[in-house]
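A structural walkthrough
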Amino acid sequence: YARRIIEEVSPMYSVFYFFYVYVVVFVATRIVAALFMKETLAQYSSDAEMMVRERTKKCAWIKKTLYDLFDEADSNSDGFLTKDEMYDFLRHQKVQLWLKELGVDASDQDTFISLLDDGDCKVNREAFVHGVTQLRGEARSQDLLQVFNSVKTIDHRLKQLGQVLEGVLQPWQSQASSLSDGSRLLNPRLSL
């Protein structure tokens, strides 16, 4: 197309033609790349939404299965699992495998039960499901940070308690030491 203009009119049109072709090809390439990028981002967005839906379905399925497991383990149907019911429940190989698949280590039954129990030696249905879902997977940094902060708080309170006890016991200790010194003076054999 440009050959006639370059040959018949002026060879300077070749510079113009070069820039024209360069700009058109560059713009066309960018438009095509932008369309591909738009399609990719739209696909990613739908994938993210699909992933959220799948995760929601999976969580619902896990909770339903945990409710079913609780109902099977609750032999007297009182809505609570006692320690004996939990031990019986955890003896089943199927339950051990299923909990392991969830990422819950129930091999140490005493520890597992103590993690679910709030001190009254029985666990209700909601506490069981909530506890098992919280125990799933590996410890995360935020979980460990909560434990660390709790330990720091306990340490601080124990130090405060120690200071209060020292303040309360100090007068008694000074009286006890003065009494023991006086009794040694009266009876020299006690000082040996």
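Residues numbered from 1 in each chain as written. Predicted model: local features only at pLDDT ≥ 70, side-chain atom pairs only at ≥ 80, totals over all residues. Heavy atoms only, no water.

On to the pattern of salt bridges, then. The full count for this structure, using the stated rule, is four salt bridges. Here lysine 159 ties to aspartate 155 by a salt bridge, and the two come within 3.5 Å at their closest N and O atoms. In this pair, lysine 159 and aspartate 155 are both assigned in helix α7 (residues 141-186), four residues apart and thus about one turn of the helix distant. Residue classification places lysine 159 among the exposed residues on the basis of a relative accessible area of 52%. Residue aspartate 155 is classed as partly exposed on the basis of its relative accessible area, which comes to 38%. (Salt bridge = Lys/Arg side-chain N within 4 Å of Asp/Glu carboxyl O. Helix = DSSP H or I, 4+ residues; strand = E, 2+ residues; numbered from the N terminus. Buried < 20%, exposed > 50% of the residue type's maximum accessible area, 1.4 Å probe, protein only.)

What follows deals with unusual backbone geometry. A positive phi is found at serine 77, a non-glycine position, where the angle reads about 55°. Looking at where serine 77 falls in the secondary structure, it is placed in the loop between α2 (13-73) and β1 (80-82). A residue is classified by how much of its surface remains accessible, and serine 77, at 62% relative accessible area, is exposed.

On to the packing of aromatic side chains, then. Counted according to the given criterion, the structure contains eight aromatic pairs. Taken together, a centroid distance of 6.4 Å and an interplanar angle of 15° make the contact between tyrosine 22 and phenylalanine 26 stacked. Linking tyrosine 22 with phenylalanine 26, this pair stays in helix α2, spanning four residues, or about one helical turn. Residue tyrosine 22 is classed as exposed on the basis of its relative accessible area, which comes to 52%. Ring centres of phenylalanine 70 and phenylalanine 128 lie 5.6 Å apart, and the angle between their planes is 45°; on these two criteria the pair is classed as tilted. Of this pair, phenylalanine 70 sits in helix α2 while phenylalanine 128 sits in helix α6 (residues 125-135), placing them 58 residues apart in sequence. (Phe/Tyr/Trp six-rings, centres within 6.5 Å; stacked < 30°, edge-to-face > 60°.)

Taken by themselves, the reported measurements are silent on function.
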